[in-house]
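Here's the letter readout for the chains.
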Amino acid sequence: MEYITIKEALKALNQIAKENNFDNDGIIKWIVVKSMRLNRDQFDKIINVKVEQFNIMKKALKRYIQGETLSQIFGFIEFCGNIFNVTENVFDPRLSTESLVYSVVNAFGSPQKKLRIIDLCTGSGCVAITIAKMLNCTVDALDISPLAIEIAKQNATNLGANVNFIEFDLNEDWSKIFKEKYDIIVSNPPYWNTEKILKNEDKVKNNPLIGFNGGVDGLKYIKIIISNARKYLKKDGMLFLEIDPDQIETINTLLKENGFTDMELKQDYRGIDRVVSAKNTGLKENENDDMEKE
């Protein structure tokens, strides 16, 4: 059986990436470990690679560069160490979205009480399910797509997570389903603008367009979430959003205008500003009158 060193394998894979103007070291590492049927945290322990595994890596990388998703190539996706089933009806969980989960978990890593958490635009359920498992709590999760919710329910069952899934369009009146206040509202909403979608047709074509489309400016759903969230957050409750780094200035302004404070940015695995969090310390007392007391 023939082997090459991991150093040789990475050199060849990086050359393929360079020739195709592809720059994402995290994806290359993911492809390496999955081609070897390993977990991502085992990457640093790899010394040698079978030639047949290396050939799988090369084919997988080329397919990904050409626009196929990791779930299409491997039949599943790993997110925060858990395996999620993904179909053409849901947006493929991204490595960058793990930073959204860890931002929530690190902020509430040792809760003294059961937290009330809701995940908006849940898709495959990866964020809601992972948070529910890590914080040992029940999470509510919303999505507009009944097909996405069906997949998310399957993932929650497979992973033993306590998540309540609800079909809901964020454009509707939130009071229809929001009957309590939450400690945390978290969301990875669609945030690409029209220009970015058109420039990245290869990435968009293998995922539901609704998972990308944030309107002309990419902020359609972020604006809806920020304008509604404060009413349904407890005092000192927190909002966590995955964002496009180009939107940071506008989003900070929106948060301030809507009574949020203590804005913080967190980076993803590539060092890109990806998550913004903010605290609800601006809630007026009379806005609590028609809501359940904490």
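Before any of the text, the structure's been laid out above.
Residues numbered from 1 in each chain as written. Predicted model: local features only at pLDDT ≥ 70, side-chain atom pairs only at ≥ 80, totals over all residues. Heavy atoms only, no water.

(A) Highlighting the state of the cysteines. This structure, assessed with the given rule, holds 0 disulfides. No disulfide involves Cys-80; its sulfur sits 7.9 Å from the nearest other cysteine sulfur, which is in Cys-126. Residue class for Cys-80 comes out buried when judged on its relative accessible area of 12%. Its sulfur unpaired, Cys-137 is 14 Å from the next cysteine sulfur, which belongs to Cys-80. (Disulfide = S-S within 2.5 Å. Buried < 20%, exposed > 50% of the residue type's maximum accessible area, 1.4 Å probe, protein only.)

(B) Representation of unusual backbone geometry within the structure. Of note, the phi angle at Asn-136 is positive, near 50°, even though the residue is not glycine. With respect to the helices, strands and loops of the structure, Asn-136 is situated in the loop between helix 6 (126–134) and strand 6 (139–143). Judged by its relative accessible area of 53%, Asn-136 falls in the exposed class. (Helix = DSSP H or I, 4+ residues; strand = E, 2+ residues; numbered from the N terminus.)

(C) Main features of helix 2 (residues 25–35). Taken across its 11 residues, helix 2 has 9 buried, putting it largely inside the fold. The set of residues buried in helix 2 consists of Gly-26, Ile-27, Ile-28, Trp-30, Ile-31, Val-32, Val-33, Lys-34 and Ser-35. Of the residues flanking the start of helix 2, the one acting as N-cap is Asn-24, its side-chain oxygen 3.2 Å from the backbone nitrogen of Gly-26. Downstream of helix 2 by one or two residues, Arg-37 has phi in the positive range, about 60°. (Polar contact = N/O pair within 3.5 Å; in protein donor to acceptor, adjacent residues only side chain to side chain.)

(D) Inspection of the packing of aromatic side chains at higher detail. Under the definition given, this model contains 11 aromatic pairs. Note on Phe-178 and Tyr-232: the rings are 4.9 Å apart at their centroids and 45° apart in plane angle, and the pair reads as tilted. Highlighted residues: Phe-178 in the loop between strand 7 (163–167) and strand 8 (182–187) and Tyr-232 in the loop between helix 10 (220–229) and strand 9 (233–242), separated in sequence by 54 residues. Considered together, Phe-178 and Tyr-232 belong to a single accessibility category, that of buried residues. Arranged with centres 4.8 Å apart and planes meeting at 45°, the rings of Trp-192 and Phe-212 form a pair that is tilted. In this pair, Trp-192 sits in the loop between strand 8 and helix 8 (194–199) while Phe-212 sits in the loop between helix 9 (201–204) and helix 10, placing the two residues 20 residues apart along the sequence. By relative accessible area, which is 4% here, Phe-212 ends up buried. Put simply, the rings of Trp-174, Phe-178, Tyr-182 and Tyr-232 pair up and form one aromatic cluster. Against the face of Trp-30 rests Lys-34, its NZ or CZ located 5.7 Å from the ring centre. (Phe/Tyr/Trp six-rings, centres within 6.5 Å; stacked < 30°, edge-to-face > 60°. Lys NZ or Arg CZ within 6 Å of the ring centre and 35° of its normal.)

(E) Spotlight on the sheet that holds strand 6. Sheet architecture is open: 7 strands sit in the order 7-6-5-8-9-11-10, paired in mixed fashion. Taken across any chain shown, the strands that pair with only one partner, and hence form the sheet edges, are strand 7 and strand 10 (261–267). With strand direction ignored, the average angle separating the axes of adjacent strands in the sheet is 20°. Seen against the sheet, helix 7 (residues 146–159) touches strand 6 and strand 7 and runs at an angle of roughly 170° to strand 7. Of the strands in this sheet, strand 9, strand 10 and strand 11 (273–279) are in contact with helix 11 (residues 248–257), which crosses strand 11 at around 10°. (Pairing = 2+ DSSP bridges. Axes fitted to C-alpha atoms, helices over the stretch in contact; angles between N-to-C directions. Contact = heavy atoms within 4.5 Å.)

(F) Highlighting the nonpolar core. Grouped together as the largest cluster of nonpolar side chains are 64 residues, with contacts concentrated most on Ile-31, Val-49, Ile-117, Ile-131, Leu-135 and Val-186. Beyond its immediate sequence surroundings of up to four residues, Val-49 is in contact with Glu-2, Tyr-3, Ile-4, Ile-6, Ala-9, Met-36, Phe-54 and Met-57. Judged by nonpolar contacts, the second largest core, of 33 residues, contains Tyr-182, Ile-185, Ile-226 and Ile-248. (Core = buried A, V, L, I, M, F, W, Y, C linked by side-chain atoms within 4.5 Å.)

(G) The pattern of salt bridges, seen in detail. Per the counting criterion, the structure on display carries 15 salt bridges. Here Asp-25 and Lys-29 are joined by a salt bridge, their closest N and O atoms 3.4 Å apart. One end of the pair is Asp-25 and the other is Lys-29, both in helix 2 and 4 residues apart, which spans about a single turn. By sharing partners, the salt bridges in this structure join Lys-34, Arg-40, Glu-78 and Glu-98 into a single network. (Salt bridge = Lys/Arg side-chain N within 4 Å of Asp/Glu carboxyl O.)

(H) Here's a closer look at the pairing of strand 7. Pairing between strand 6 and strand 7: 5 bridges, direction parallel. Each bridged residue has a counterpart across the sheet, and for Asp-140 the counterpart in strand 7 is Asn-164. Crossover connection from strand 6 via helix 7 to parallel strand 7: handedness right-handed. (Right-handed = clockwise from strand over helix to strand, strands pointing away.)

(I) Representation of helix 6 within the structure. Here helix 6 lies mainly inside the structure; 7 of its 9 residues are buried. Asn-136 occupies a position one or two residues after helix 6 and carries a positive phi of about 50°.

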